[in-house]
Amino acid sequence: HARPELNSNTALHTVAIYSTGYEGTVEIQVTLDNGVTDITDWAVLDTISITSSDSLLYTNFNGVFSYVRFRMIPAQDQTGTIDKILYRS
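Calculation rules
- Residues numbered from 1 in each chain as written.
- Predicted model: local features only at pLDDT ≥ 70, side-chain atom pairs only at ≥ 80, totals over all residues.
- Heavy atoms only, no water.
- Pairing = 2+ DSSP bridges.
- Helix = DSSP H or I, 4+ residues; strand = E, 2+ residues; numbered from the N terminus.
- Axes fitted to C-alpha atoms, helices over the stretch in contact; angles between N-to-C directions.
- Salt bridge = Lys/Arg side-chain N within 4 Å of Asp/Glu carboxyl O.
- Core = buried A, V, L, I, M, F, W, Y, C linked by side-chain atoms within 4.5 Å.
- Buried < 20%, exposed > 50% of the residue type's maximum accessible area, 1.4 Å probe, protein only.

Novice: Please clarify how the sheet that holds strand β5 (residues 67-74) should be interpreted in this entry.
Specialist: Strands in a sheet are paired, the pairing made by backbone hydrogen bonds, and the direction either parallel or antiparallel. What the three strands build is an open sheet, ordered β3-β2-β5; its pairing is antiparallel. Strand pairing shows two members of the sheet lacking a second neighbour, β3 (43-50) and β5, which therefore form its edges. Pairs of neighbouring strands in the sheet enclose a mean axial angle of 20°, with direction left out of account. Note that strand β2 (residues 24-31) and β5 share eight bridges and pair antiparallel. In the sheet register, Q29 faces β5, and the bridge partner there is R69.

Novice: Any chance you could explain unusual backbone geometry here in plain terms?
Specialist: Its identity is not glycine, yet D77 carries a phi of approximately 65°, on the positive side. For D77, the position within the fold is in the loop between β5 and β6 (81-88).

Novice: Help me understand the pattern of salt bridges, please; the structure alone is not making it clear to me.
Specialist: Tallying each qualifying case throughout the model produces one salt bridge. For the salt bridge of E27 with R71, the shortest nitrogen-to-oxygen distance reads 3.5 Å. Of the two residues, E27 is situated in strand β2 and R71 in strand β5; the sequence distance between them amounts to 44 residues.

Novice: Please clarify how the nonpolar core should be interpreted in this entry.
Specialist: In summary, soluble globular proteins display a tendency toward joint burial of nonpolar side chains. Within the largest apolar cluster, eight residues are counted, these being V15, I17, Y22, V26, I28, I48, I50 and F61. When residues of this core are traced back to their parent elements, those giving at least two are β1 (12-20), β2 and β3.

So, in structure tokens, the structure goes:
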């Protein structure tokens, strides 16, 4: 019988997003698949909105995942950049 209370791992993940004049969103996507291929099923865990005045944003989330990735979705006609994303799991 499964006993999830014995392994209630809630692994903490921390993300810092550095940007310069970026307008748009960043999706945090996760998967439980064993490998990353063209048919990997990704789920959107969170969507972070960024305005051009934001130069550093932090977020935390919990969970146990095989892989984590970030998808940038810039606003139309925006010229800013995502300079780096620091991720700690």
